[in-house]
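Take a look at the letters that make up each chain.
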Amino acid sequence: MARVNIGGQAVLEGVMMKGKNYYAVSVRKADGSIVTETKPCTSIAERIKLFKLPLFRGMLVFVESLVLGIKALNFSAELYGDEEVEEEPSQFEKWLMDKLGDKGEKIIMGIVMAFSFALSIGLFMILPMLIGAGMNHLAQIPLFVQNIIEGCIRILLFLGYMKLVTNVKDIKRTFEYHGAEHKSINCLEQGKPLTVENVRDCTRLHKSCGTSFLFVVMIVSILVYSVFTTQVVWQRIVIRLVMLPLIAGLSYEFIRWARIKPNNKIAHFLSKPGFWLQEKFTTAEPDDAQIEVAIASIEGVFEYEPMS
């Protein structure tokens, strides 16, 4: 399997692909045309060498992927909504635009990101911990067992959430584009020409998938929180927040190792839960039109950053 320095993300009616120094977002508009936007995206790691070291690089990748993903989603949402009636900006949005101009949009994006991140932490980190702590009040449970129960609750909440969102029409379409993104990258890694026919024959599962990363995060969190733990609830909340960067770094190192060791039996076995998650929840088989969008996004990157 060839090493390909490119990753991606599904967006509304499109795909974002990212190389080392450029990213491209391709979106299928209502009239059937494909619009592609390519922009530079040099990592902070190029200036701060600390973030090239193990663990630290995973922390940075997590943050940069989140920021870039929000940008790509906003771009696709703007194009996707071109044919729809535009919503009137709220009074708060108008006030920000009047006071701060172009910076107002960035501030709104930052607020949305902060709110989304806080909601995710509360739902998938804090809530399972509080449930576990409540169970401990009913019956004294050893801390290690309590952390395992908490981790299982976290996984069940995540799977339940994924099951719910798959019933939303736009989300279903996004999961199909997610499949097109994976198929296109797998086609490149197999050294095949990037055509619809070749991409169609590739698997929609990939070891470096972001949803697989989230699943690994939940497993790693059980181990980390079992080492750094206490019965005091507020201290446990602080520990969970402080340890998140470490958990992200460890999870990234595993995903990275599994990707560069494709023939390793241990890596393949440990990647199976992520593959199952992709197969059952977060990817679906795309049609040829969706594959064309994924190919256009890759070509948008390679136009400025040829594949080595």
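Just so we're clear, the structure is a prediction, and the values are computed from it rather than from any experiment.

Student: Before we move on, can you summarise the pattern of salt bridges with the specific residues and values?
Tutor: Using the criterion set out here, one finds 13 salt bridges in the structure. Residues Glu46 and Lys52 are paired through a salt bridge, measuring 3.8 Å at the closest nitrogen-oxygen approach. Two residues, Asp288 and Arg200, come together in a salt bridge whose shortest N-O distance is 2.9 Å. Placement of the pair is Asp288 in helix H11 (residues 288-302) and Arg200 in helix H6 (residues 196-200), with a sequence separation of 88 residues. Residue Asp288 is classed as partly exposed on the basis of its relative accessible area, which comes to 33%. Relative accessible area serves as the criterion here: at 39%, Arg200 is assigned to the partly exposed category. Sharing partners across several salt bridges, the network here consists of Glu150, Arg154, Arg236 and Arg240.

Student: Go over helix H1 (residues 56-80) with me, naming the residues and quoting the values.
Tutor: Under the 1.5 Å per step criterion, the end-to-end length of H1 is 36 Å for 25 residues, consistent within 8% with the ideal 36 Å. Among the residues making up H1, those that are buried are Arg57, Gly58, Leu60, Leu68, Gly69, Ile70, Ala72, Phe75, Ser76 and Leu79.

Student: Give me the lowdown on the packing of aromatic side chains, citing residues and values where you can.
Tutor: As enumerated under the stated definition, the model contains 6 aromatic pairs in all. Ring centres 6.1 Å apart and planes at 45° place the aromatic pair Phe254 and Trp257 in the tilted group. Here Phe254 and its partner Trp257 are both found in helix H9 (residues 244-260), 3 residues apart, which amounts to about one turn of the helix. Given a relative accessible area of 19%, Phe254 falls into the buried group. For the pair Trp276 and Phe281, a centre-to-centre distance of 5.5 Å together with 75° between the ring planes defines the contact as edge-to-face. Each member of the aromatic cluster is reached from another via a ring pair, and the members are Phe124, Phe158 and Tyr161. Stacked on the ring of Tyr225, the Lys or Arg Arg240 has its end atom at 4.3 Å from the ring centre.

Student: Describe the pairing of strand E2 (residues 14-18), and please don't skip the residues or the numbers.
Tutor: Counting buried positions along E2 yields 4 of 5 residues, so the element is predominantly enclosed. When strand E1 (residues 7-11) meets E2, the two strands line up antiparallel, connected through 5 bridges. By the bridge assignment for E2, Gln9 is matched with Met16. Where E1 folds back onto E2 in an antiparallel hairpin, the turn is made up of 2 residues, including Glu13, whose phi is positive at roughly 55°. Note that E2 and strand E3 (residues 22-28) share 5 bridges and pair antiparallel.

Cut-offs applied
- Counting restarts for each chain, with residues numbered from 1 along the sequence as it is written.
- Local features in a predicted model are, by the rule used here, given only for residues with pLDDT of at least 70; side-chain atom pairs are given and counted only at 80 or more, and totals for whole chains, interfaces and linings are based on all residues.
- Processing note: side-chain calculations cover all non-hydrogen atoms of the structure and skip hydrogens and water entirely.
- Whenever a carboxyl oxygen of Asp or Glu lies within 4 Å of a side-chain nitrogen of Lys or Arg, that contact is scored as a salt bridge.
- Only runs of H or I of at least four residues qualify as helices and only runs of E of at least two qualify as strands under DSSP, and these elements are numbered from the N terminus.
- A 1.4 Å probe rolled over the protein chains alone gives each residue an accessible area, and that area as a share of the maximum for its type sets the label: buried under 20%, exposed over 50%, partly exposed in between.
- Expected helix span is computed as 1.5 Å times (number of residues minus one).
- Between rings of Phe, Tyr and Trp, where Trp is taken as its six-membered ring, a pair exists when centres lie within 6.5 Å; planes separated by under 30 degrees are stacked, by over 60 edge-to-face, and by other angles tilted.
- Distance and angle both matter: a charge sits over a ring if NZ of Lys or CZ of Arg is within 6 Å of the ring centre and within 35 degrees of the ring normal.
- Strands were regarded as paired on the criterion that DSSP finds at least two bridges between them.

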